[in-house]
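# Structure assessment
Single-letter residue listing:
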Amino acid sequence: MNTHEISQISPDIDYWQQENVIGAESEIDVIKSWLEFSCQNSENTYRSYVKEIKRFLIFCDSVGKSFHKITSKDLNQYYTILEFPTDDWLIPDVDMPTLKTQILTKGLNISSVGYTRKVLNIFYGYLLKSSVISVNPVSLSRKIKYEEPHNHIGKALSFDAWLELKKWLSIQVSRAKGPQERSKAIRNKWLLNLLYYSGVRRSSLIGLTMDCFKMEQRGTSRVWIMNFMMKGDRPHSIFMTDQLLEELKAYRASIGLHELPTGKETHIPVIAAISLKKNSLQNATTSISSRGVNFVIQECLSKAAADCHDHFISEELLHATTHTFRHTCATHWLTLGVDVVATKEHLGHRNINTTMVYMKNTDEHRKNEMDKLSKAFSNSGL
DNA sequence: CCGTGGAATTCAACATGGGG
DNA sequence: CCCCATGTTGAATTCCACGG
């Protein structure tokens, strides 16, 4: 992460005389303590914030002000630059940039400008709390309005598309030529099925070992569960469906392991990286990287789409990404009639509203529920 | 109870590096 | 020297929580 060291950004430090309670003696100090304060839980957040603050400091420099002197008018100008950069903010097509400000390849999407505003608001909020400034200029700057995407529905695969993909994955295994190709097909089939049935995020999968699968006593019955880490460093566990367990067994059998995890397999990755040198899945000890997951999935999807004769399904597959499988999991569960609370627990949402977004057609859902209720009534003679 | 501030993550284009 | 998986990083999205 040293490419993101803050100290590389702004070598000229103003004489710092702000009164503050964080003990900052320079601009860099302030930024460092802000990052430390706000990004305790996540490398990703840290990286994002550093990127934003880096770009913002270049802007501050261009208007000849230190960040604690920036006005909301300056900020409005900054938003405009980001969305509609003038030539002195754009990286030239042919030559190397001559100006320090030539950092943009194109205007940012409005949602990204909104994101920038949010991060700056967090930053200036911190400055306000630490009495470096007395008014937050961001809160007085122009609001950035944009449509929240939130159309999860469009981001899930249809039943047909998933079935097509699942079938395709199996065919790849049976048609594979040579051990290398076969290993890959087996691993890919397992990866996609795991994503679909478990609905976990890509990041939860990285570095996971077979020990994450355990049989546990829950309530009155014993169930297989899968343990992993969620967003924000939170541990989470899900109940495994029979289908997921079957896929696990199939995968383990195909690489010569015991059908079910023994509990002492911290050296066996759940999703293995297939390197060229040891071309067998059996010996693989390193987990796939996050970039690797994307690569593999993109490859599968585009090939499956090419092999598919149905134009609509083909399009669906082409537009899917890793995260699509999480959406697909949620949407399919709810459509198949799993109740919202169970789905919420499975996905690890803390707020039920998040889960509700996946409930596609409320009328259809209500109708189904009414049918269920009618049946329950008549079965119990009420 | 919902709108928004805040936090954490995924996406994708380009860069890199080691093995055959 | 090429191939392919992995790194890097700017951009875009997703999700949580809390206060009016």
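Attention here is on the structure that accompanies the text. From a predicted model like this one, the values you see are computed outputs, not experimental measurements. (Residues numbered from 1 in each chain as written. Chains lettered and ligands numbered in written order. Predicted model: local features only at pLDDT ≥ 70, side-chain atom pairs only at ≥ 80, totals over all residues. Heavy atoms only, no water.)

## A word on the overall build of chain A
Scanning chain A for helices and strands turns up 14 helices and 3 strands. Put simply, 60% of the contacts in chain A that link residues at least 6 apart link residues at least 24 apart. Total accessible area computed for chain A in this model is approximately 21700 Å², and 52% of it derives from carbon and sulfur atoms. (Helix = DSSP H or I, 4+ residues; strand = E, 2+ residues; numbered from the N terminus. Contact = heavy atoms within 4.5 Å. Areas by Shrake-Rupley, 256 points an atom, 1.4 Å probe, with all protein chains shown as cover.)

## Examining the pattern of salt bridges
Tallied over the entire structure, the rule returns 11 salt bridges. Salt-bridge contacts for K189 lead to E247; the nearest nitrogen and oxygen are separated by 3.4 Å. With K189 in helix α6 (residues 178-198) and E247 in helix α8 (residues 242-254), this pair connects stretches of sequence that are 58 residues apart. Of the two residues, K189 and E247, both sit in the buried class. Between K249 and E246 there is a salt bridge, with its nearest N and O atoms 3.6 Å apart. (Salt bridge = Lys/Arg side-chain N within 4 Å of Asp/Glu carboxyl O. Buried < 20%, exposed > 50% of the residue type's maximum accessible area, 1.4 Å probe, protein only.)

## Topic: the pairing of strand β2 (residues 221-230)
The sheet contact formed by strand β1 (residues 213-218) and β2 spans 6 bridges and is antiparallel. In the sheet register, E216 faces β2, and the bridge partner there is V223. Here β1 hands over to β2 after 2 residues, with G219 in that stretch at a positive phi of 65°. One ladder, built from 6 bridges, connects β2 with strand β3 (residues 234-239); its direction is antiparallel. Looking across to β3, one finds that I225 is bridged to F239. (Pairing = 2+ DSSP bridges.)

## Some thoughts on the packing of aromatic side chains
Scanning all chains against the criterion turns up 16 aromatic pairs. Plain terms: the ring middles of W34 and F123 are 4.9 Å apart, the flat faces sit at 65° to each other, and that makes the pair edge-to-face. Here W34 is found in helix α1 (residues 27-38), whereas its partner F123 is found in helix α4 (residues 110-129), with 89 residues between them in sequence. Put simply, the rings of W34, Y49, F56, F59, F67, Y78, W89, F123 and Y124 pair up and form one aromatic cluster. (Phe/Tyr/Trp six-rings, centres within 6.5 Å; stacked < 30°, edge-to-face > 60°.)

## Considerations on the sheet that holds β3
Spatially, β1-β2-β3 is the arrangement adopted by the 3 strands of the open sheet, whose pairing is antiparallel. In this open sheet, the two edge strands, each paired with only one partner strand, are β1 and β3. Across the sheet, the mean angle separating the axes of adjacent strands is 45° when strand polarity is ignored. (Axes fitted to C-alpha atoms, helices over the stretch in contact; angles between N-to-C directions.)

## Observations concerning α8
The terminal C-alpha atoms of α8 lie 18 Å apart, and with 13 residues this matches the ideal 18 Å at 1.5 Å per residue to within 8%. Along α8, the residues classified as buried are L244, L245, E247, L248, K249, Y251 and R252. Immediately downstream of α8, the backbone of G256 shows phi near 75°, a positive value. (Expected span 1.5 Å × (residues − 1).)

## Some words on the environment of R201
For R201, the position within the fold is in the loop between α6 and α7 (202-205). Once the C-alpha coordinates of R201 and M229 are considered, the two residues, 28 residues apart in sequence, prove to be 9.5 Å apart. Not counting residues up to four positions away in its chain, the partners in contact with R201 are M230, K231, H323 and R326.

## Let's talk about the side chain of H68
For H68, the location among the structural elements is in the loop between α2 (43-62) and α3 (72-83). In this structure the side chain of H68 is engaged in a polar contact, spanning 2.9 Å, whose partner is the side chain of S66. (Polar contact = N/O pair within 3.5 Å; in protein donor to acceptor, adjacent residues only side chain to side chain.)

## So, the packing of helix α5 (residues 159-175) against helix α10 (residues 311-319)
Interaxial distance between α5 and α10 falls to 9 Å at its minimum, and their mutual angle equals 80°. Accordingly, the angle class assigned to the pair α5 and α10 is roughly perpendicular. Facing D160, A161, E164 and L165 of α5, the residues of α10 in contact are I313, E316 and L317. Across the contact of α5 with α10, the residue classes tally to 4 nonpolar, no polar and 3 charged. (Parallel < 35°, antiparallel > 145°, perpendicular 65-115°, else oblique. Nonpolar A, V, L, I, M, F, W, Y, C, P; charged D, E, K, R; others polar.)

## Describing the protein's contact with DNA strand B
What surrounds DNA strand B is a group of 24 residues, the closest being S42, N44, S203, K231 and T321. The contact in question runs from a phosphate oxygen of DNA strand B to an N or O atom on the side chain of S42, over 2.7 Å. When contributions to the surface near DNA strand B are tallied by element, the ones reaching two or more residues are α2, α4, α7 and α9 (290-307). With 5 residues, the top contributor of residues to the surface near DNA strand B is α2. Class assignment for the residues of the surface near DNA strand B results in 3 nonpolar, 13 polar and 8 charged. (Near = heavy atom within 4 Å.)

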